[in-house]
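# Coordinates in review
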Amino acid sequence: MDRTRLTAWTLTLAGLIPFIGLAALILLNPREGGRWVDPLTVYGAIILSFLAGTRWGKALAERDPRPATLILSNLPPVAAWLTFLPGVPAEFRLLVLIFGLIGMLYWDFGPSPVWYRNLRIIATMGAALSLGIVMQQL
């Protein structure tokens, strides 16, 4: 495995630590675990925004970027942000993040090399499962 792939895999797997760790805190301490839902969903929104930003950057690197790609790459972060408005239930926020992460995986799946697809599948499964387990706990 070359250095770029090794670095990408290492950073991606390290990026799962907050998802898994915060989900464990919530599950293992039901009485006080709820206070960790906001940090978990904020981290999820940051990751979703990062993934959308990679689409934006990839589009801008093309010779003639499609405006639709630039516009669509803004939807996931805006959707995630809207779930943080007052009165939005944490369960809905978690659901939006799960669908956002899976949607970004679907979008990235076609034009990417196999090694990156595998990386994204593992990362998305780890993040979405962590969020889903927490959603079931609430």
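Calculation notes
- Residues numbered from 1 in each chain as written.
- Predicted model: local features only at pLDDT ≥ 70, side-chain atom pairs only at ≥ 80, totals over all residues.
- Heavy atoms only, no water.
- Helix = DSSP H or I, 4+ residues; strand = E, 2+ residues; numbered from the N terminus.
- Buried < 20%, exposed > 50% of the residue type's maximum accessible area, 1.4 Å probe, protein only.
- 1 Å grid on protein atoms, 1.4 Å probe; cavity = no way out; pocket = protein on both sides within 12 Å on 5 of 7 lines; lining within 4 Å.
- Points joined across faces, edges and corners; volume = space filled by probe spheres on them.
- Axes fitted to C-alpha atoms, helices over the stretch in contact; angles between N-to-C directions.
- Parallel < 35°, antiparallel > 145°, perpendicular 65-115°, else oblique.
- Contact = heavy atoms within 4.5 Å.
- Nonpolar A, V, L, I, M, F, W, Y, C, P; charged D, E, K, R; others polar.
- Salt bridge = Lys/Arg side-chain N within 4 Å of Asp/Glu carboxyl O.
- Polar contact = N/O pair within 3.5 Å; in protein donor to acceptor, adjacent residues only side chain to side chain.
- Core = buried A, V, L, I, M, F, W, Y, C linked by side-chain atoms within 4.5 Å.
- Phe/Tyr/Trp six-rings, centres within 6.5 Å; stacked < 30°, edge-to-face > 60°.

### Things to note about the environment of Thr-54
Structurally, the position occupied by Thr-54 is in helix α2 (residues 37-61). Since its relative accessible area comes to 28%, Thr-54 is described here as partly exposed. For Thr-54 and Ile-102, which are 48 residues apart along the polypeptide, the C-alpha to C-alpha distance reads 15 Å.

### What about the layout of surface pockets?
Its volume calculated, the largest pocket comes out at about 480 Å³. Every element with two or more residues in the lining of the largest pocket is listed here: α1 (3-28), α2, α5 (90-109) and α6 (114-137).

### Re the packing of α1 against α6
For any two helices packed against each other, one specifies the inter-axial angle together with the distance between the axes. It is at 9 Å that the axes of α1 and α6 come closest, and there the two elements cross at 5°. With respect to each other, α1 and α6 are oriented roughly parallel. Between α1, through Arg-5, Ala-8, Trp-9, Thr-12, Leu-13, Leu-16, Phe-19, Ile-20, Ala-23, Ile-26 and Leu-27, and α6, the contact on the second element is made entirely by Trp-115, Asn-118, Leu-119, Ile-122, Ala-123, Gly-126, Ala-127, Ser-130, Leu-131, Ile-133, Val-134 and Gln-137. For the contact of α1 with α6, the per-class residue count stands at 17 nonpolar, five polar and one charged.

### What to know about the pattern of salt bridges
Scanning the model with the defined rule gives five salt bridges in all. Of the charged contacts in the structure, one is a salt bridge between Arg-35 and Glu-32, with a shortest N-O distance of 3.6 Å. Judged by relative accessible area, which is 56%, Arg-35 ranks as exposed. Two residues, Arg-93 and Asp-38, come together in a salt bridge whose shortest N-O distance is 2.8 Å. Taken together, the residues Arg-93 in helix α5 and Asp-38 in helix α2 connect sequence positions 55 residues apart. Taking the relative accessible area as the measure of exposure, Asp-38 reaches 44% and is therefore partly exposed.

### Some thoughts on the side chain of Ser-73
Note on placement: Ser-73 falls in the loop between α3 (67-72) and α4 (75-82). Reaching out from Ser-73, the side chain makes a polar contact with the backbone oxygen of Leu-70 at a distance of 2.9 Å. Setting aside its immediate chain neighbours within four residues, Ser-73 contacts Ala-52, Arg-55, Trp-56 and Trp-107.

### Describing the nonpolar core
Judged by nonpolar contacts, the single largest core of 23 residues is most densely connected at Phe-19, Leu-40, Leu-131 and Val-134. Counting only elements with at least two residues in this core, the list comes to α1, α2, α5 and α6. For this core, the element with the most residues is α2, which contributes seven residues. If we ignore the near neighbours within four places in the chain, the residues touching Phe-19 are Leu-40, Tyr-43, Gly-44, Ile-47, Ala-127, Ser-130 and Leu-131.

### Examining the packing of aromatic side chains
Counted according to the given criterion, the structure contains two aromatic pairs. Aromatic side chains Phe-19 and Tyr-43 sit 5.0 Å apart centroid to centroid with 65° between the ring planes, which places their arrangement in the edge-to-face category. With Phe-19 in helix α1 and Tyr-43 in helix α2, the pair connects residues that are 24 residues apart, well separated along the chain. Residue Phe-19 shares its accessibility class with Tyr-43, and that shared class is buried.

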